[in-house]
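For reference, the chains in residue letters:
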Amino acid sequence: MNAGIIGMGRFVPETVVTNADLEKRMDTTDEWIRTRTGIEERRIAGDEIDTSDMAFEAAKKAIEDSGIKPEEIDLILVATVTPDQSFPSVSCMIQDRLGAKNAAAMDISAACSGFMYGLATAKQFIMTETYKYVLVVGVEKLSKITDWNDRNTAVLFGDGAGAAIVGPVSEGRGILAFELGADGSGGKHLYFDEFIQMNGREVFKFAVRQMGEASVRVIEKAGLSKDDVDFLIPHQANIRIMESSRQRLNLPEEKMSKTVNRFGNTSAASIPISLVEEIQNGKVKDDDVVVMVGFGGGLTWGSVIMKWGR
Ligand code: UT7
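Small disclaimer: the values here were computed from a predicted structure and weren't measured.

What follows covers the domain arrangement of the protein. Interfaces are often sized by the accessible area lost when the parts come together. In terms of domains, the protein is made up of domain 1 (2-169) and domain 2 (174-307). On a C-alpha basis, the centres of domain 1 and domain 2 stand 16 Å from each other. At the junction of the two partners, domain 1 supplies 47 residues and domain 2 supplies 45 residues. Buried area between domain 1 and domain 2, summed over both chains or domains, comes out near 3,800 Å², and the portion from carbon and sulfur atoms is 67%. Together, R10, C112 and M116 form the three largest contributors to the area buried by domain 1 at its contact with domain 2, with a combined 20%.

This is the structure we're talking about:
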């Protein structure tokens, strides 16, 4: 027995904000955003949709996809830095709405690495046979903590949610290894103080280094080599950072997920949103070896290597 993903779902708000829309609001250009980040458009949630609403929608789909009942969920982990309020947690809010009345619930604060932290935590509870099914959600409404007058940050982010049911899967499949890490000394480069504050160049350098190293190390931990990897799902922060991870693993372009152009950086939601995309378009198939890797505020990083399938 191993722990793996047995169902997934995602939700993104309907409203599309293009680079051309941002050109009208601030001193930026479509050309700059596209060439420096790879982003063409992002989804933004209106006032009527908060973080818990997006988490709920994604979680509902993940539960349906898994075939389990809400009452069978033992634990809900919601990775977010943009909860509706500091408490109750988003996980408690969706526990009630989903009817997951037997589930414990807590939020995880690891910024863009949050979904990796969630998957790794879920695996521990399942492997120790403490719990059978864990719902892991990555969700963010970054638009509410974005300074829409700051072109350094406002062009980067988007809103959305992705969710997974983690449970027992057959021998050989599931989460093969993970790595989590943090460097609190870099916290000053990316933090929240009324709005998101960021030293882009420092975060960029950290991201290139850690995304590459965390990917390589998680492959080694699983006892595999780069040649065994079928697909890479990097945190969708910036196409240039993602490309450096891909090149580190010697993977061709078509073996890396790229949704940053359509959704921007959705922080904790970006990896599960991308994973759903690649499952739906048939690029991630049973028995594929998939590497997921993220980095973010903290500073934090995390990588997970999985053999796909139930
Ligand atoms: O999930 C983690 C979240 N954070 C990240 O992933 C951020 C990581 N960092 C990055 O992605 C990149 O550093 C950025 C995309 C944020 C910036 O790209 P860069 O190549 O590092 O640009 P830069 O900060 O060195 O700025 C270059 C120029 C500056 O002008 P000067 O000082 O050279 O005259 C900026 O003022 O680009 C200017 N600039 C812009 N111009 C047009 C910065 N933002 C914009 C903008 N539109 N939106």
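Next comes the rest of the write-up.
On to the nonpolar core. Counting 41 residues, the largest nonpolar core has L22, I219, L232, V291, F295 and I305 as the members making the most contacts within it. Contributing elements (two or more residues each) for this core: α7 (200-221), α8 (239-248), β12 (289-296) and β13 (300-307). Tallying contributions element by element places α7 first for this core, with 8 residues. What F295 contacts, discounting residues up to four positions off in sequence, is C112, S113, V203, F206, A207, M211, H235, A237, I241, T300 and W301. Residues L75, V166, I175 and V290 belong to the second largest nonpolar core, which totals 31 residues.

Moving on to the sheet that holds β13. The 4 strands are arranged β8-β13-β12-β11 in an open sheet whose pairing can be described as mixed. Only two strands of the sheet have a single neighbouring strand rather than two, namely β8 (174-182) and β11 (231-234). Here the strands of the sheet are splayed against their neighbours by 10 degrees on average, with no regard to which way each runs. In this sheet, β13 lies alongside β8 in antiparallel orientation, the contact comprising 8 bridges. Each bridged residue has a counterpart across the sheet, and for F178 the counterpart in β13 is V304. Together, β8, β11, β12 and β13 form the strand contacts of α7, whose direction differs from that of β12 by roughly 150 degrees. Strands in contact with helix α10 (residues 270-280) are β11 and β12; relative to β11, the strand with the most contacts, it is inclined by about 150 degrees.

Cut-offs and rules
- Residues numbered from 1 in each chain as written.
- Predicted model: local features only at pLDDT ≥ 70, side-chain atom pairs only at ≥ 80, totals over all residues.
- Heavy atoms only, no water.
- Domains from an automatic or database assignment.
- Contact = heavy atoms within 4.5 Å.
- Buried area = accessible area lost by both parts, 1.4 Å probe.
- Core = buried A, V, L, I, M, F, W, Y, C linked by side-chain atoms within 4.5 Å.
- Buried < 20%, exposed > 50% of the residue type's maximum accessible area, 1.4 Å probe, protein only.
- Helix = DSSP H or I, 4+ residues; strand = E, 2+ residues; numbered from the N terminus.
- Pairing = 2+ DSSP bridges.
- Axes fitted to C-alpha atoms, helices over the stretch in contact; angles between N-to-C directions.

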